[in-house]
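Secondary and tertiary structure notes
So you can see what is in the structure, the chains are spelled out below.
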Amino acid sequence: LPITIIAVALLLAACATAPPPAAAPVGEERFLIDPRLGWNRPATEDLDRRFNAAWARLRAGQYEDARRRFTGIQEGNPDYLPALLAQAVIELRENRLDAARNIVRRVQDRAPEFTAARYYEGEIALAQRQLRSAWETFRALSAAPDAPPAVAERLRQVEGQLFAELYTAAQSAPDLEAVRL
């Protein structure tokens, strides 16, 4: 009987299918990185659970609910900068770039080497069409050991945009001016 049970269990295990892989983010969603990236201070299970729920709302486009949840986290944990940074992400998604930049600066004043804050600094510069600043930010961040893959992809995008701008300027400039570009 024990051999039969083991055989049935093995047979059932062989028939089971693995769950489908999680869908990879597409479009601009692939550049939405978790604001906890590079945050090296421990968080409680409750704080992680609450953050995950708020982040899921943000990713679903439910910005007001996400903002309310992140504000609640921030009020109870004022030193937990990922919750504050997540609010900058909401501002960025809602195209309130000055508000997003102000929040990122506040975060960076308190944690200058915080990877996610540096990443979103580059994202805001890119959204404001400050290509040189975005390029410098992403290039510096690409050397960080915890840099997400989105950094390399953004760096390639910005380099392409900068090249296109320089090429267009060189084509329209007089010959002597083009040499200086």
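Model, not experiment: these values are computed from the prediction.

1. Things to note about the overall build of the protein chain
If you tally the helices and strands in the protein chain, you get nine helices and zero strands. Listing every helix and strand of the protein chain by position from the N terminus yields α-α-α-α-α-α-α-α-α. Going through the 181 residues of the protein chain one by one, you find that 36% of them count as buried. Looking at the protein chain alone, contacts between residues at least 24 apart form 57% of all its contacts between residues at least 6 apart.

2. Quick notes on the packing of helix α4 (residues 81-93) against helix α6 (residues 115-127)
Here α4 crosses α6 at 15 degrees, and the two axes come no closer than 11 Å. In terms of their interaxial angle, α4 and α6 are classed as roughly parallel. Between α4 and α6 the crossing geometry is left-handed. Residues Leu85, Val89 and Leu92 of α4 lie in contact with α6, whose contacting residues are Ala116, Ala117, Tyr120, Glu123, Ile124 and Ala127. Along the lines of polarity and charge, the residues of the contact of α4 with α6 split into eight nonpolar, no polar and one charged.

3. A short note on the packing of α6 against helix α8 (residues 149-172)
Closest axis-to-axis distance for the α6/α8 pair is 12 Å, and the angle between their directions is 30 degrees. Relative to α8, the element α6 lies roughly parallel. Read as a crossing pair, α6 and α8 show a hand that is left-handed. Between α6 and α8, the residues in contact are Tyr119, Glu123 and Leu126 and Ala150, Val151, Arg154, Gln157, Val158 and Gln161, respectively. A breakdown of the residues in the contact of α6 with α8 according to their chemical character gives five nonpolar, two polar and two charged.

Analysis parameters
- Residues numbered from 1 in each chain as written.
- Predicted model: local features only at pLDDT ≥ 70, side-chain atom pairs only at ≥ 80, totals over all residues.
- Heavy atoms only, no water.
- Helix = DSSP H or I, 4+ residues; strand = E, 2+ residues; numbered from the N terminus.
- Buried < 20%, exposed > 50% of the residue type's maximum accessible area, 1.4 Å probe, protein only.
- Contact = heavy atoms within 4.5 Å.
- Axes fitted to C-alpha atoms, helices over the stretch in contact; angles between N-to-C directions.
- Parallel < 35°, antiparallel > 145°, perpendicular 65-115°, else oblique.
- Left-handed = near helix turned anticlockwise from the far one by under 90°.
- Nonpolar A, V, L, I, M, F, W, Y, C, P; charged D, E, K, R; others polar.

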